[in-house]
Amino acid sequence: MRNILLTVSYDGTDFCGWQRQDKSDRGKPVRTVQGEIEKALEKIHKTHINLTGSGRTDSGVHAFAQAANFYSTIDTIPVEKYVPAINAFLPNDIRIIASKEVSGDFSSRFSATSRTYRYFIHTSNPFASEMRYVWAIHHKPDLEKLNRMAACLRGEIDCATFAAAGDASLSTFRYIENAHFYADEKNPEIIVFEICANAFLWKMVRSLVGSLISFEKSGKEPEYFRQVLESHDRKKAGPTAPPTGLFLYSVSFEGERRHV
C-alpha cells in the first residue's frame, strides 16, 4: 500500500467546490473536483479510492496547486506516472501536475502547516478570457492604504467577523503569517491580495477582500478595519467578493503546524 501525494490544478468555474457531494441537485449529479478525481482513480484501481484534500474550496474557486493524497494498492506504476495515468481520465478543467510517494501517516489535510491563497482583482475592463479568473471592480484602489488596513492581519487572530454564516469551525481563531496587496508585474491593471495562514474559515478570504476593497473605496481609515476585525461581529463586515478571482495558490508541509 502506497500513499500518493498529488498536486492538483483546476478551473473551479463549473464545479460545486472541491468536496464530493453524494446528493444530487434536482436529479442532476453534483460535479465536484474531488468527485472527478476519485472517478479517475476508480478506473485505474477498479475500486473506489478515497481522496483527501488539504482544503475545501467553494463553488467557483480555483487552484494553482491544491494538495491531495490517496492510498494505492498498485505497486507496478512508477510514482511519477500517476500524473499522465490520472489525467487521461480527467476533464480538461482539472490537471494533475505532480505526484510523489509520502509516508503512510501523511495527510494532505492534517499534515499541512499553511495554505496560501491569492485573489486577483481587475481595476479596469477585463478581456472576456479573463472574466472567469478576476473580480472586475472598475476603479483603482490605493494600494498603500489597503496594505495599511491589511497590516493588522498578523499572528493569532479571532477572525469571527469574516466567517460566513453557517461556518462549523470549533474555533474562529486562525494564525495568519502574512496578508498584503501588490500590483501584478505582467498586467498593471490587476492587483493581487495574498494571504497565508494555518487554515481559513468558510469564505473568510472572500469576505476579507470584499471588506477591504469596500472600506477603501468608501474612504474608511485603516483603524476602521481594525475595529471591524476586533468587533467579532459579522454584520460589520463588508460585502463578500465573488469566487471568480480566488485561487488556492500553494500548500506547505514544512515548519510548525499551529493548532489554533
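Every value quoted in this text rests on a predicted model; they were computed, and no experiment measured them.

Participant: Which parts of the structure should I look at to understand the packing of helix α3 (residues 143–150) against helix α4 (residues 204–217)?
Facilitator: Packing of α3 against α4 brings their axes to within 10 Å, and their N-to-C directions diverge by 125°. Taken together, the axes of α3 and α4 are oblique relative to one another. Between α3 and α4 lies a crossing whose hand is right-handed. Counting all contacts with α3, which are made through Lys145, Leu146, Met149 and Ala150, the residues of α4 involved are Leu212, Ile213, Phe215 and Glu216. Its residues assigned to classes, the contact of α3 with α4 shows six nonpolar, no polar and two charged.

Participant: I keep staring at the side chain of histidine 122 and nothing clicks. Help me out?
Facilitator: Within the secondary structure, histidine 122 sits in strand β5 (residues 114–122). Here the side chain of histidine 122 touches serine 124 through a polar contact of 3.1 Å, landing on its backbone nitrogen. Ignoring sequence-local partners within four residues, the contact set of histidine 122 consists of Glu130, Val134, Trp135, Ala136, Ile137, His138, Asn187, Glu189 and Ile190.

Participant: I tried to follow the packing of aromatic side chains on my own but got confused; where do I start?
Facilitator: Two numbers describe a pair of aromatic rings. These are the distance of the centres and the angle of the planes. The final tally for this structure, using the stated rule, is 14 aromatic pairs. Measuring from centroid to centroid gives 6.4 Å for phenylalanine 64 and phenylalanine 120, while their planes differ by 70°, and the two rings are edge-to-face. Linking phenylalanine 64 in strand β3 (residues 62–72) with phenylalanine 120 in strand β5, this pair joins segments that are 56 residues apart in sequence. Relative accessible area serves as the criterion here: at 34%, phenylalanine 64 is assigned to the partly exposed category. Among the residues examined, phenylalanine 120 registers a relative accessible area of 13% and is labelled buried. Taken together, the aromatic side chains of Phe64, Phe120, Tyr133, Phe247 and Tyr249 make up a single cluster linked through ring pairs. The residue whose ring lies beneath arginine 118 is tyrosine 249, and the NZ or CZ to ring-centre distance is 3.6 Å. For lysine 220, the ring lying beneath its charged end belongs to tyrosine 224, and the centroid distance is 5.2 Å.

Participant: Help me out: how do you make sense of the layout of surface pockets in this one?
Facilitator: Rolled over the atoms, a probe as big as a water molecule pinpoints where empty space is left. Approximately 1300 Å³ is the volume attributed to the largest pocket. What lines the largest pocket is a set of 43 residues, among which Gly55, Arg56, Arg109, Ser169 and Phe200 lie closest to the centre. Secondary-structure elements contributing two or more residues to the lining of the largest pocket are β2 (52–53), β5 and α4. The element that contributes the greatest number of residues to the lining of the largest pocket is α4, accounting for three residues. Considering the residues around the second largest pocket, the lining is formed by Phe64, Phe120, Ser129, Glu130, Tyr133, Val134, Asp184, Lys186, Asn187, Ile190 and Phe247. Broken down by class, the residue content of the lining of the second largest pocket amounts to six nonpolar, two polar and three charged.

Participant: Looking at this structure, how should I read the nonpolar core?
Facilitator: Proteins that are soluble and globular tend to have nonpolar side chains buried together. Grouped together as the largest cluster of nonpolar side chains are 68 residues, with contacts concentrated most on Ile37, Ile86 and Phe193. Per-element tally for this core: the top contributor is α4, with seven residues. The residues contacting phenylalanine 193, other than those within four sequence positions of it, are Tyr117, Arg118, Tyr119, Ala150, Leu153, Ala179, His180, Phe181, Val205, Val209 and Leu212. Grouped together as the second largest cluster of nonpolar side chains are five residues, Val134, Ile190, Val192 and Phe247 included.

Participant: What's the story with helix α1 (residues 33–45) in this structure? I'm lost.
Facilitator: Taking 1.5 Å as the rise per residue, α1 with 13 residues should run 18 Å; its terminal C-alpha atoms sit 18 Å apart, in good agreement. For α1, a buried count of ten out of 13 residues is recorded, marking the element as mostly surrounded by other parts of the structure. Buried residues along α1 sit against β1 (2–10), β3, α2 (82–87) and β4 (94–102). For α1, the N-terminal cap is threonine 32; the gap from its side-chain oxygen to the backbone nitrogen of glycine 35 is 3.0 Å. Of the residues trailing α1, lysine 46 is marked for its positive phi of about 65°.

Participant: Got a minute to help me understand unusual backbone geometry in this structure?
Facilitator: Apart from glycine, the bulk of residues carry a negative phi angle, and the bulk of peptide bonds sit in the trans form. We note that lysine 46 has phi near 65°; this positive angle belongs to a residue other than glycine. Unusually for a residue other than glycine, histidine 232 sits at a positive phi of about 60°. The residue histidine 232 is located in the loop between α5 (222–231) and β10 (246–252) in this model.

Participant: Would you explain the pattern of salt bridges in this entry?
Facilitator: Counted under the stated rule, the structure contains ten salt bridges. Its salt-bridge partner being glutamate 223, residue arginine 226 comes within 3.9 Å of it at the nearest N-O pair. Separated by three residues within a single helix, arginine 226 and glutamate 223 lie in helix α5, roughly one turn from each other. Given the relative accessible area of 33%, arginine 226 is considered partly exposed. Judged by its relative accessible area of 44%, glutamate 223 is partly exposed. With a shortest N-O distance of 3.9 Å, arginine 226 and glutamate 230 are connected by a salt bridge. Linking arginine 226 with glutamate 230, this pair stays in helix α5, spanning four residues, or about one helical turn. When salt bridges with common partners are traced through the structure, they connect Arg31, Glu36, Lys39 and Asp93 into a single cluster.

Reading guide: rules and limits
- Residues numbered from 1 in each chain as written.
- Predicted model: local features only at pLDDT ≥ 70, side-chain atom pairs only at ≥ 80, totals over all residues.
- Heavy atoms only, no water.
- Axes fitted to C-alpha atoms, helices over the stretch in contact; angles between N-to-C directions.
- Helix = DSSP H or I, 4+ residues; strand = E, 2+ residues; numbered from the N terminus.
- Parallel < 35°, antiparallel > 145°, perpendicular 65-115°, else oblique.
- Left-handed = near helix turned anticlockwise from the far one by under 90°.
- Contact = heavy atoms within 4.5 Å.
- Nonpolar A, V, L, I, M, F, W, Y, C, P; charged D, E, K, R; others polar.
- Polar contact = N/O pair within 3.5 Å; in protein donor to acceptor, adjacent residues only side chain to side chain.
- Phe/Tyr/Trp six-rings, centres within 6.5 Å; stacked < 30°, edge-to-face > 60°.
- Buried < 20%, exposed > 50% of the residue type's maximum accessible area, 1.4 Å probe, protein only.
- Lys NZ or Arg CZ within 6 Å of the ring centre and 35° of its normal.
- 1 Å grid on protein atoms, 1.4 Å probe; cavity = no way out; pocket = protein on both sides within 12 Å on 5 of 7 lines; lining within 4 Å.
- Points joined across faces, edges and corners; volume = space filled by probe spheres on them.
- Core = buried A, V, L, I, M, F, W, Y, C linked by side-chain atoms within 4.5 Å.
- Expected span 1.5 Å × (residues − 1).
- Salt bridge = Lys/Arg side-chain N within 4 Å of Asp/Glu carboxyl O.

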